Amino acid sequence: MKVACLWFTKPAPTQKVAELCLRFSPQICVRENEAVFVEIGKCKNLYSEAGFAARVQVILRRLNIEATVAFGQDITEALVRARYRIENIDHLPLAALLDFTDPFAKDPVAGKYVQKMISGFNELGIINIAGFKKIPLADLISRFGAIAILCRQRVTFEVPISWTYWRPAEVVCEKTEFPYFEFYGELEPLLFELKKQLDVIFQRLWARSLKAQTMQVKVFCETNSRNPKPHRQFDFDFLFPQSNTKGALKIIKERLTRDFEKKAVTSPIEALETRVSNTVPGTIGQRNLLHRHEEIDEQQQALLGQLSEIHGKENIFFAELIEDRRPEKSWKKTEKAAARPSDFTARVPLRPTHLLKPEQIEVTTGFVHIRRQAYPILNWSQNVERISGGWQEQATDLNNSYDRNYYVIELENGSSISIFQAPDQKFYLHGYFG
Amino acid sequence: MALAEKIQHLKLIIGAVDVTVAREAWVAPGLPDGVPKGAIVELLGTKKFEWFIQFLKQHPEIRTFWAEKNQQVLPTALQQRGLDLKQVTFGLLGNDSFVSLRKIIQSQVYEIIIAPNSFEELRVFRAFQLITEKSNNTLFLVGQKNPSTAWPIALQLDISQDKEKNFKLEVLKQRYGRRE
């Protein structure tokens, strides 16, 4: 086995580099943002080490990335040579043990133990791998246990390292070009073409049992003095993953209609590209013959996606309860219906059906004055609900501390209101029953 | 008995109610004829929401879309009154809610839709009437003080409470009978 390692001194797009290295070998793995490993031993005489290094440097230059290229019989050997630029393993600093034990930097726990071991050896004056190799194995085990055995086995290349699974990210993309300038900014024919693309895209996704989470639609226009921008880009992050053309097209149509109304396309449209940039696992299988629950759920998700496109994601929601006595903090917005509803509501007094932003009111004998209008009081609740707290919250949230006495008042007009008295003795209207 | 109810009762006695316009109805608290499906219902009175929550509680299987202009309804209060929050989707549709409501009704995903009655034009009510009939879902419009004069509204209810805390329903207008 012969492994080439590309070590990046600064964080780099390793996925992109790895994809470009597929021209050399299909056996590739990646240390996220730091290194790319390529198995080049099986290429026989297709290229030499020097030839490989030269070709890689050309690729890196095009990407404007700097990297050190080194070769070894093993992943760890290639890695430490590229990282420390030292040919003889024995001369490596002891810190290289971290790379030997965890070459893909995926095990922080092991890293912590190895670091502790390195600090111990440094204090004893052992500073390089040669010194580490001289320590009797029995002494290592008694002091540092299994992690020391692993380090020793790795530096002597006794244990082969498994290649982690890597494959290039799959991009689902459809592009249609219009060389004869059929479209001059009309939306309808564009949507017709978009539907064709979405049909193909969702068929491809369905075959892989996937749903589209984020999507990008690009409309390429002919550039001229009035339209200097070459394309318009629309990014969609769906509220619910989309699995069919009908739902996705409605959402895309909403955005495109608004954009085209706001900014008309004045030059001919040259091409249309739709790209799925992120997917989530979907369900695959035969339609349930006994009920239509899945279909209705999909319809609901498509509708909510469309509504959230019009009104914003924060304005279309389900509610989930939170155990907090403050009425305004007792629930939160969620994108999906809560699976296990909280049942703390049985332990708190009946809450008003509608909650208002606290508004100062005046209470006099027999009357409540709301916005300078007097409402005769019919009945004043006997029970007082005292809510206080907030002391445990962060210092920045001290304004949220609270100390309230809640009352329910029945008015003569038949309505009931919920008011509270703050420590400053002022009354605030907080909600109504209705 | 309110005037509208008396007239309806008399019509039934003399056989003047056209059974062809009678339609399926949801069972509703304190309303023997129920709430018609595929129609617009206007709710008025001081206890309209309390009654509506009890109505939803009787139908745990249906999906409801609760549209508002700004967030005011308190979900905690809905659950306290026995409503399962899983069946309710909330939407803050702002001032111009017609287009969105039309989409929601036409989708046939929600059997019950409740929204504030901020509409004045008759053609809007007519559009709602046509699409609710076609989709067979019920649109509840929450009125403020005075009942709307729009003729497409099938049922207008003024809901309050008596001294024993029971719902007192006054039917201000009723267009359809009930098909069993």
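Look up: the structure comes first, before these words.
Residues numbered from 1 in each chain as written. Chains lettered and ligands numbered in written order. Predicted model: local features only at pLDDT ≥ 70, side-chain atom pairs only at ≥ 80, totals over all residues. Heavy atoms only, no water.

> Is there a simple way to explain the sheet that holds strand β10 (residues 331–334) of chain A in this structure?
Within a sheet, adjacent strands bond to each other through the backbone by hydrogen bonds, running parallel or antiparallel. With mixed pairing, the 9 strands of this open sheet are ordered in space as β10(A)-β9(A)-β5(B)-β4(B)-β6(B)-β7(B)-β3(B)-β8(B)-β9(B). In this open sheet, the two edge strands, each paired with only one partner strand, are β10 of chain A together with β9 (167–174) of chain B. Each neighbouring strand pair of the sheet contributes to a mean axis angle of 25 degrees, computed without reference to strand direction. Both strand β9 (residues 316–321) of chain A and strand β5 (residues 88–92) of chain B contribute to a ladder of 2 bridges, which runs antiparallel. Within the sheet, the bridge partner assigned to I316 of chain A lies in β5 of chain B and is G91 of chain B. Helix α11 (residues 293–311) of chain A contacts β9 of chain A together with β4 (64–68) and β5 of chain B of the sheet and is inclined by roughly 105 degrees relative to β9 of chain A. Against the sheet, helix α5 (residues 122–135) of chain B engages β3 (40–44), β7 (138–142) and β8 (153–161) of chain B, with an angle of about 120 degrees to β3 of chain B. (Pairing = 2+ DSSP bridges. Helix = DSSP H or I, 4+ residues; strand = E, 2+ residues; numbered from the N terminus. Axes fitted to C-alpha atoms, helices over the stretch in contact; angles between N-to-C directions. Contact = heavy atoms within 4.5 Å.)

> When you look at the interface of chain A and chain B in this model, what are you seeing that I'm missing?
You'll often see interface size given as the accessible area lost when the parts meet. Listed per partner, the contact involves 47 residues of chain A and 35 residues of chain B. The tally of links from chain A across to chain B stands at 3 salt bridges. Where E410 of chain A meets K165 of chain B, a salt bridge forms, and the shortest distance between an N and an O atom there is 3.0 Å. Our count for the chain A to chain B interface comes out at 17 residue pairs in polar contact (both at pLDDT 80 or more). If you list the elements that add at least two residues to the side of chain A that touches chain B, you get α11, β9, β10, β11 (354–364) and β17 (427–433) of chain A. In terms of residue count, the dominant contributor to the side of chain A that touches chain B is α11 of chain A (11 residues). Counted by class, the side of chain A that touches chain B contains 25 nonpolar, 16 polar and 6 charged residues. (Salt bridge = Lys/Arg side-chain N within 4 Å of Asp/Glu carboxyl O. Polar contact = N/O pair within 3.5 Å; in protein donor to acceptor, adjacent residues only side chain to side chain. Nonpolar A, V, L, I, M, F, W, Y, C, P; charged D, E, K, R; others polar.)

> Got a minute to help me understand the nonpolar core in this structure?
For soluble globular proteins, nonpolar side chains are generally found buried alongside one another. Ranked by internal contacts, the top residues of the largest apolar core, which has 39 residues, are V35, W51, F52, F55, W66 and F140 of chain B. Tallying contributions element by element places helix α2 (residues 48–57) of chain B first for this core, with 6 residues. (Core = buried A, V, L, I, M, F, W, Y, C linked by side-chain atoms within 4.5 Å. Buried < 20%, exposed > 50% of the residue type's maximum accessible area, 1.4 Å probe, protein only.)

> Before we go on, may I ask you to explain the environment of P168 of chain A in this structure?
Residue and element names in this part refer to chain A. Residue position: P168 is located in the loop between α8 (146–155) and β5 (172–177). Residue P168 is classed as partly exposed on the basis of its relative accessible area, which comes to 33%. Spatially, the C-alpha atoms of P168 and D139 are 45 Å apart, while their sequence positions differ by 29 residues. When sequence neighbours within four positions are dropped, the list of residues in contact with P168 reads E19 and L22.

> Looking at this structure, I do not really get the environment of E359 of chain A. What am I missing?
All names here are of chain A. If you trace the backbone, E359 turns up in strand β11. In the structure, E359 is positioned 68 residues away from F427 in sequence and 8.4 Å away in space, judged by C-alpha atoms. Sequence-distant contacts of E359, defined by excluding residues within four places in its chain, comprise I370, R371, F427, Y428 and L429.

> Help me understand the side chain of E50 of chain B, please; the structure alone is not making it clear to me.
Relative to the assigned elements, E50 of chain B resides in helix α2. In terms of polar contacts, E50 of chain B uses its side chain to reach the side chain of R81 of chain B, at 2.8 Å. Look past the residues within four positions of E50 of chain B in its chain and what remains in contact with it is T353, F433 and G434 of chain A together with R81 and F167 of chain B.

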